[in-house]
Amino acid sequence: MPKKQASFEEALTQLDTIVKQLENGDVPLEEALKKFQEGIELSNYCNDILVKAEETVTQMVIQTDKPSQQEL
């Protein structure tokens, strides 16, 4: 998980920065490994947020699709 509780957008921006640094190839190996690990953690963090958001949307759709008592 990121060092501080970042928003999804902040974590994604950090991940994008790490990817660009690693793609550049200018990072020493030891630092690259640390950045890669941080990138994995950020990726997992973003994925967790997306899964929770999907679950929330699914629940909202289910609630919207239920007929109200007035319709019965």
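Residues numbered from 1 in each chain as written. Predicted model: local features only at pLDDT ≥ 70, side-chain atom pairs only at ≥ 80, totals over all residues. Heavy atoms only, no water.

**Re the packing of helix 1 (residues 8-24) against helix 2 (residues 29-65)**
Alright, step 1. With their axes 9 Å apart at the nearest point, helix 1 and helix 2 run at an angle of 150° to one another. As far as their axial angle goes, helix 2 and helix 1 are roughly antiparallel. For the pair helix 1 and helix 2, the sense of crossing is left-handed. Of helix 2, the residues touching helix 1 (which contributes Phe8, Ala11, Leu12, Gln14, Leu15, Ile18, Gln21 and Leu22) are Ala32, Lys35, Phe36, Glu38, Gly39, Leu42, Ser43, Tyr45, Cys46, Ile49 and Leu50.
Alright, step 2. Looking at the contact of helix 1 with helix 2, its residues break down into 13 nonpolar, 4 polar and 2 charged. (Axes fitted to C-alpha atoms, helices over the stretch in contact; angles between N-to-C directions. Helix = DSSP H or I, 4+ residues; strand = E, 2+ residues; numbered from the N terminus. Parallel < 35°, antiparallel > 145°, perpendicular 65-115°, else oblique. Left-handed = near helix turned anticlockwise from the far one by under 90°. Contact = heavy atoms within 4.5 Å. Nonpolar A, V, L, I, M, F, W, Y, C, P; charged D, E, K, R; others polar.)

**Here's the deal with a nonpolar patch on the surface**
Alright, step 1. A cluster of nonpolar residues, Val57, Met60 and Val61, forms a patch on the protein surface that exposes about 260 Å² of accessible area.
Alright, step 2. Its place among the elements puts methionine 60 in helix 2. (Patch = residues over 30% accessible without salt bridge, like charges linked within 9 Å, V, L, I, M, F, W, Y side chains within 5 Å. Areas by Shrake-Rupley, 256 points an atom, 1.4 Å probe, with all protein chains shown as cover. Salt bridge = Lys/Arg side-chain N within 4 Å of Asp/Glu carboxyl O.)

**Side note on the environment of aspartate 48**
Alright, step 1. Along the chain, aspartate 48 falls in helix 2.
Alright, step 2. A C-alpha to C-alpha distance of 9.7 Å links aspartate 48 and phenylalanine 8, two positions 40 residues apart in sequence.

**Focus: the nonpolar core**
Alright, step 1. Residues Ala6, Ala11, Leu15, Ile18, Leu42, Tyr45 and Cys46 constitute the largest nonpolar core, which totals 7 residues.
Alright, step 2. Taken together, the elements giving at least two residues each to this core come down to helix 1 and helix 2. (Core = buried A, V, L, I, M, F, W, Y, C linked by side-chain atoms within 4.5 Å. Buried < 20%, exposed > 50% of the residue type's maximum accessible area, 1.4 Å probe, protein only.)

**Description of helix 1**
Alright, step 1. Helix length check: helix 1, at 17 residues, gives a terminal C-alpha distance of 24 Å against a target of 24 Å (1.5 Å per residue), a fit within 8%.
Alright, step 2. Within the sequence span of helix 1, burial applies to Ala11, Leu15 and Ile18. The buried side chains of helix 1 occupy one side of the element, clustering within an arc of 60° when seen end-on. Of the exposed residues in helix 1, the ones pointing more than 90 degrees away from its buried face are Glu9, Thr13, Lys20, Glu23 and Asn24.
Alright, step 3. Looking at the buried positions of helix 1, the neighbouring elements they touch are helix 2.
Alright, step 4. Downstream of helix 1 by a residue or two, glycine 25 has a phi angle that is positive, lying close to 80°. (Expected span 1.5 Å × (residues − 1). Arc of directions from axis to C-beta.)

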